Amino acid sequence: MTDLSNLPLYVLLPVCFLGGLFIGFGYFRALRETAKLLVNGGKPLRAIALTLGRISLLASGFFVAVLLGGLALLAAFAGVLCARWIMLRRMREIRA
């Protein structure tokens with residue numbers, strides 16, 4: 001098995017950033033769906049499942065990034081923050 005922490009930084013950091021971006025989109029999409037369920041009176045069991053799923057997705061993604069090192073964790077976190085920014089920008093454009 002290959003030790004991913006030995007990869008060069010110019011490979012590792014963009015991969016972690018893109019992984020964080022992917023995880024962030026999944027997290028904030030599930031958060032939006034959970035909010036819709038709660039506001040519209042949807043099924044509470046589905047809202048709980050979405051909440052547990054998005055938290056476990058974020059935790060497992062950050063756990064993998066921690067195993068790769070501090071800079072990888074920061075890159076993954078930056079990807080999640082960029083996904084948040086993009087999702088908020090989309091919501092503002094939809095409402096305007």
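Data block above holds the structure.
To keep things clear, this report deals only with the structure shown in the data block. On a predicted model such as this, the values are computed, not experimentally measured, just so you know.

1. Considerations on helix α2 (residues 44-68)
Move 1: Between its first and last C-alpha, α2 extends 37 Å over 25 residues, near the 36 Å set by a 1.5 Å rise per residue.
Move 2: Here α2 has its buried residues at Ala47, Arg54, Leu58, Gly61, Ala65 and Leu68.
Move 3: Two residues or fewer past α2, Gly69 is found with a positive phi of approximately 125°.

2. Considerations on a nonpolar patch on the surface
Move 1: On the surface, a nonpolar cluster with roughly 390 Å² of combined accessible area is contributed by Leu7, Tyr10, Val11 and Val15.
Move 2: Tyr10 gets classed as exposed once you look at its relative accessible area, which sits at 68%.

3. Side note on the side chain of Arg54
Move 1: Relative to the assigned elements, Arg54 resides in helix α2.
Move 2: In this structure, Arg54 is buried with no salt-bridge partner, the nearest side chain bearing the opposite charge being Glu33 at 11 Å.
Move 3: Of note is the side chain of Arg54, whose polar atom sits 3.1 Å from the side chain of Tyr27.
Move 4: Beyond its immediate sequence surroundings of up to four residues, Arg54 is in contact with Tyr27, Ala30, Leu31 and Thr34.

4. Some remarks on the nonpolar core
Move 1: Counting 6 residues, the largest nonpolar core is built from Ile23, Tyr27, Phe28, Leu58, Val80 and Met87.
Move 2: For this core, the secondary-structure elements that each account for two or more residues are α1 (9-40) and α3 (70-95).
Move 3: For Met87, the contacting residues outside a window of four places in its chain are Phe25, Phe28, Arg29 and Arg32.
Move 4: Judged by nonpolar contacts, the second largest core, of 5 residues, contains Leu12, Cys16, Leu68 and Ala72.

Cut-offs used in this document
Residues numbered from 1 in each chain as written. Predicted model: local features only at pLDDT ≥ 70, side-chain atom pairs only at ≥ 80, totals over all residues. Heavy atoms only, no water. Helix = DSSP H or I, 4+ residues; strand = E, 2+ residues; numbered from the N terminus. Expected span 1.5 Å × (residues − 1). Buried < 20%, exposed > 50% of the residue type's maximum accessible area, 1.4 Å probe, protein only. Patch = residues over 30% accessible without salt bridge, like charges linked within 9 Å, V, L, I, M, F, W, Y side chains within 5 Å. Areas by Shrake-Rupley, 256 points an atom, 1.4 Å probe, with all protein chains shown as cover. Salt bridge = Lys/Arg side-chain N within 4 Å of Asp/Glu carboxyl O. Lys, Arg positive; Asp, Glu negative; His and termini not counted. Polar contact = N/O pair within 3.5 Å; in protein donor to acceptor, adjacent residues only side chain to side chain. Contact = heavy atoms within 4.5 Å. Core = buried A, V, L, I, M, F, W, Y, C linked by side-chain atoms within 4.5 Å.

Just distances and angles here, no functional claims.
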